[in-house]
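Okay, here's what each chain looks like letter by letter:
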Amino acid sequence: MKKEVLLYPRSQAMLRRVGAQIRLARLRRRLSTSLVAERAKISRSTLWKIENGEAGVSIGAYVSVLCAIGLGKDILLLARDDELIEALGEREIEEISR
């Protein structure tokens, strides 16, 4: 039995929004749930969970679905612009990384 992932309400709302955006992207492309699930190598029930923003689904499954609908590179937008890193500068980042 899988452990339930608990999120703060704001985080859960963001995940639901991501799921809704994935669903809309699939529908705009006129792709069925069966086809996307097959391409992503997941079950239709997992796709349903993703489209409903369930937190227990692995990030890998989200990436697989994004790739299956032609939006795989969108995952690279996560944490792309990090103001903290820009403020620290290269030297401090190297020191932290050691």
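Residues numbered from 1 in each chain as written. Predicted model: local features only at pLDDT ≥ 70, side-chain atom pairs only at ≥ 80, totals over all residues. Heavy atoms only, no water.

With that settled, the discussion passes to the UniProt feature "domain: HTH cro/C1-type" (unreviewed entry) in the protein. If you check UniProt for "domain: HTH cro/C1-type" (unreviewed entry), the listed places come out as residues 22-59 in our numbering. With 63% helix and 0% strand, residues 22-59 has its two end C-alpha atoms placed 13 Å apart. (UniProt positions renumbered as here; feature names shortened; annotations may be inferred. Helix = DSSP H or I, 4+ residues; strand = E, 2+ residues; numbered from the N terminus.)

Attention now moves to the nonpolar core. By size, the foremost hydrophobic cluster in this structure holds 17 residues, and its most contacted members are Ile-22, Val-36, Ile-42, Ile-50 and Val-65. For this core, the elements supplying multiple residues, two or more each, are α1 (9-28), α2 (33-40), α3 (44-51) and α4 (59-68). Sort the elements by how many residues they give to this core and α4 lands first, with five residues. (Core = buried A, V, L, I, M, F, W, Y, C linked by side-chain atoms within 4.5 Å. Buried < 20%, exposed > 50% of the residue type's maximum accessible area, 1.4 Å probe, protein only.)

Looking at where Leu-27 falls in the secondary structure, it is placed in helix α1. By relative accessible area, which is 38% here, Leu-27 ends up partly exposed. Note: C-alpha distance between Leu-27 and Ile-69 (42 residues apart in sequence) is 9.7 Å.

Next up on the list: the side chain of Gln-12. Along the chain, Gln-12 falls in helix α1. There is a polar contact of 2.8 Å between the side chain of Gln-12 and the backbone oxygen of Gly-53. Residues within four places of Gln-12 in sequence aside, it is in contact with Leu-7, Gly-53 and Ala-55. (Polar contact = N/O pair within 3.5 Å; in protein donor to acceptor, adjacent residues only side chain to side chain. Contact = heavy atoms within 4.5 Å.)

This part is about the pattern of salt bridges. In this structure the tally under the stated criterion is one salt bridge. Note that Glu-51 is salt-bridged to Arg-26, the shortest N-O span being 2.6 Å. Note that Glu-51 is positioned in helix α3 and Arg-26 in helix α1, a separation of 25 residues in sequence. As far as burial versus exposure is concerned, Glu-51 and Arg-26 are alike and both buried. (Salt bridge = Lys/Arg side-chain N within 4 Å of Asp/Glu carboxyl O.)

Angle between the axes and distance between the axes: these two values describe a pair of packed helices. For the pair α3 and α4, interaxial distance at closest approach is 11 Å and the crossing angle is 95°. In terms of their interaxial angle, α3 and α4 are classed as roughly perpendicular. The residues of α4 that touch α3, namely those facing Thr-46, Leu-47, Lys-49 and Ile-50, are Ala-61, Tyr-62 and Val-65. Across the contact of α3 with α4, the residue classes break down as five nonpolar, one polar and one charged. (Axes fitted to C-alpha atoms, helices over the stretch in contact; angles between N-to-C directions. Parallel < 35°, antiparallel > 145°, perpendicular 65-115°, else oblique. Nonpolar A, V, L, I, M, F, W, Y, C, P; charged D, E, K, R; others polar.)

Take α1 next. With 20 residues, α1 should reach 28 Å at 1.5 Å per residue; the first-to-last C-alpha distance of 28 Å fits that figure. Residues Gln-12, Leu-15, Gly-19, Ile-22, Ala-25 and Arg-26 constitute the buried set of α1. Angularly, the buried residues of α1 cover 145° about the axis, an arc narrow enough to put them on a single face. Seen from the open side of α1, the exposed residues pointing more than 90 degrees away from its buried face are Pro-9, Arg-10, Met-14, Arg-17 and Arg-28. Residues of α1 that are buried sit in contact with α2, α3 and α4. In the segment just after α1, Arg-30 is the residue with positive phi, at about 55°. (Expected span 1.5 Å × (residues − 1). Arc of directions from axis to C-beta.)

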